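# Observations on chain architecture
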Amino acid sequence: MSQLDPPKNLTRNVLVGMFAGVFIASLCFYFQDFISQSVFLGIEKYLFNLGGQIFKNLLLLIVVPLVFFSLVSGISSLSNMVKLGSIASKTVLLYLLTTAFAVMIAIFFGWIFNISGYEGEVASFNAPAGEASLYDTVLRVFPSNIFGAFVENNMLGIVFISILFGIALNLTDNLTDNLSKNFERLNIVFMKIVLIIMSFAPIGVFCLMGSYVMDNGLNIFGDLIQYVLILIFVLLFHLFFTYSLVLKFFANLNPIIFFKKMRNVALFAFTTSSSAATIPVTLKTVTDELGVKKDVSSFVVPVGATINMDGTAIMQGLATMFIASTVGVDLSMIEYIQIVLLAMVASIGAAAVPSAGTITLALILSSLGLPLDAIGLILAVDRILDMIRTSVNVSGDAAVACVVANSEELLDKNLFNK
Ligand code: ASP
């Protein structure tokens, strides 16, 4: 067994953690009359909320160095730099295409199923200020201060800096006494840190699910059930239908093999709700099991984790329709087209960490003049939805990696089919 394999029995343990969290929290919730208020609040605050927040913090802690080192070490060790341009352009094009398609089907199904709004009162929500326009999103790709980008968790800026740094490192490796090797070493260390954190994932998930159920009981989707069901349906449709089509049509690959091999990655993403924290597992599966050569995977996977979020874009498209319907606004054709474009920008702008997509939803709502308060409504049901859409996000990265590798003749089909 390699030292960089995901923790053993992760799937089983995470599921046990999840159900145990739901079970214990629902016992507390439904029998709260039998336990004292202070015990109830103590369990909620010091067991579930604290544990869940620590797990989330640990994942957030690792995201910036992970994206930086995986991209720098990937690009600096590329054997064929000339190919980088063609790999990068194909990757970005496919990412944009699949995301645009994702929002379109979200709108299509939202319309077919006649998504209807929330009838109750919408509590106020403080949307984060600024950075909510196309102009700001583009500008964030080019930060004026390297350290500023890192401190502010500006992921788009960090991706840009990493690519620039990786290219320079690659081109000067003989002058720097193989400095790139040190970045590869550090990358291994950070990947290991994620895997160590993930060995605590069953406890983390136990706490996260518990804190969710302590708030709402088992009626976690409450009045938003129609929105939730449509969203889950579209996410699964995109996952299984669109990616099968992409794999078959662009690369003549067998989607069933792809999905079987992606199980672990999807589960890791589901557990962490973070595409970035999933990078080590995605990289390993894409390279060692799906047969994508490192030259492609080391660029496509970390970039995809940060900018390619089809599941997030689907949520944003449907959430916008849901919110428009809640406040009684009829969207016009032009506004639907705007939603497609805005959701592409907002999903690219979302950091690959839990709930990020719900925050950049503000970009779409404010551009369409819809109330930002309604984000509070969506956030309340976001926990499980975030888990599912993150699994879709990482599957999209892997599917595109296979297609790009195939077109560059850097896909080992025997390994893929094995
Ligand atoms: N959690 C998602 C991811 O990391 C982003 C989001 O939609 O909130 O891919």
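Only a predicted model underlies this, so the values are computations on that prediction, with no experimental measurement involved. Once a new chain begins, its residue numbering starts again from 1 and follows that chain's sequence as written. Where local features are concerned, this predicted model is filtered to residues with pLDDT of at least 70; where side-chain atom pairs are given and counted, the filter is 80 or more; whole-chain, interface and lining totals use all residues. Based on all heavy atoms of the structure, the side-chain values leave hydrogens and waters out of the count.

## Comments concerning helix H11 (residues 263-272)
Each residue is assigned to one of three classes by its accessible area relative to the maximum for its type, calculated with a 1.4 Å probe on protein chains only: buried under 20%, partly exposed between the two thresholds, exposed over 50%. Labels follow the DSSP assignment, with helices taken as runs of H or I lasting at least four residues and strands as runs of E lasting at least two, numbered in each case from the N terminus. In terms of burial, H11 is largely enclosed, as seven of its 10 residues are buried. We call two residues in contact whenever any of their non-hydrogen atoms come within 4.5 Å of each other. Residues of H11 that are buried make contact with helix H1 (10-30), helix H2 (37-76), helix H7 (179-198), helix H8 (201-216), helix H12 (279-289) and helix H18 (382-407). Positive phi shows up at Ser-273, right after H11, with a value of about 50°.

## Let's talk about the state of the cysteines
Working definition: a disulfide is two cysteine sulfur atoms within 2.5 Å of each other. Taken as a whole, this structure holds zero disulfides when the rule is applied. Between Cys-28, a free cysteine, and Cys-207, which holds the nearest cysteine sulfur, the sulfur-to-sulfur gap is 12 Å. Overall, Cys-28 belongs to the buried group, its relative accessible area being 8%.

## Quick word on the packing of helix H14 (residues 310-326) against helix H15 (residues 333-349)
Structural elements are reduced to axes, namely lines fitted to C-alpha atoms, with helices fitted over the stretch in contact, and the angle between N-to-C directions of any two is expressed from 0 to 180 degrees. Relative orientation of the contacting elements H14 and H15 amounts to 140°, with a least axis distance of 9 Å. It follows from the interaxial angle that H14 and H15 lie oblique. The way H14 lies across H15 gives a crossing that is right-handed. Facing Thr-312, Ala-313, Gln-316, Gly-317, Thr-320 and Met-321 of H14, the residues of H15 in contact are Tyr-336, Ile-339, Ala-343, Ala-346 and Ser-347. Any angle that falls under 35 degrees is termed roughly parallel, while one over 145 is termed roughly antiparallel, one within 65 to 115 roughly perpendicular, and all others oblique. Each crossing is labelled by how the near helix is turned from the far one, with a counterclockwise turn of less than a right angle marking it left-handed and a clockwise turn marking it right-handed.

## Here's the deal with the nonpolar core
Throughout this description, the term nonpolar core refers to a set of buried Ala, Val, Leu, Ile, Met, Phe, Trp, Tyr and Cys residues connected via side-chain atoms within 4.5 Å. Of all hydrophobic cores here, the largest spans 140 residues; its most connected members are Tyr-227, Phe-258, Phe-299, Leu-318 and Phe-322. Top element by residues in this core is H18. It accounts for 14 residues. If near-sequence neighbours (up to four positions away) are discounted, Phe-258 is found in contact with Leu-247, Leu-290, Ser-395, Ala-398, Ala-399, Cys-402 and Phe-416. The next biggest cluster of nonpolar side chains, apart from the first, holds eight residues, and it includes Ala-25, Phe-48, Val-213 and Met-214.

## What to know about the packing of aromatic side chains
To pair, rings of Phe, Tyr and Trp, with the six-membered ring standing in for Trp, must have centres within 6.5 Å; the planes then decide the type, stacked if under 30 degrees apart, edge-to-face if over 60, and tilted in the middle. Under the definition given, this model contains 23 aromatic pairs. Three or more aromatic residues link up through ring pairs in this structure, and these residues are Phe-108, Phe-109, Trp-111, Phe-113, Phe-233, Phe-237 and Phe-241.

## Quick notes on empty space enclosed by the protein
Cavities and pockets are defined on a 1 Å grid built over the protein atoms alone: a cavity is a set of grid points where a 1.4 Å probe fits but cannot escape, while a pocket is an open set with protein on both sides within 12 Å along at least five of seven lines, and lining residues are those with an atom within 4 Å of any such point. Grid points are joined across faces, edges and corners, and a volume is the space filled by probe spheres set on the points. This model, assessed by the stated rule, comprises two cavities of 30 Å³ or more. Its boundaries defined by the atoms lining it, the largest cavity holds a volume of some 70 Å³. Around the largest cavity, the lining comprises 17 residues; the ones closest to its centre are Thr-312, Val-353, Asp-386, Thr-390 and Asn-393. Mapped by element, the contributors of at least two residues to the lining of the largest cavity are helix H16 (356-368) and H18. Among the elements that line the lining of the largest cavity, the one with the most residues is H18, at four residues. Each residue gets one label: Ala, Val, Leu, Ile, Met, Phe, Trp, Tyr, Cys and Pro are nonpolar, Asp, Glu, Lys and Arg are charged, and the others, such as Gly, are polar. In terms of residue class, the lining of the largest cavity is made up of seven nonpolar, eight polar and two charged. Roughly 50 Å³ of internal volume is contained in the second largest cavity. Along the walls of the second largest cavity sit Val-92, Tyr-95, Leu-96, Thr-99, Ile-307, Asn-308, Met-344 and Ile-348, which together make up its complete lining. Put simply, the parts of the chain that give the lining of the second largest cavity at least two residues each are helix H3 (82-112) and H15.

None of the figures reported here should be taken as evidence of function without further support.
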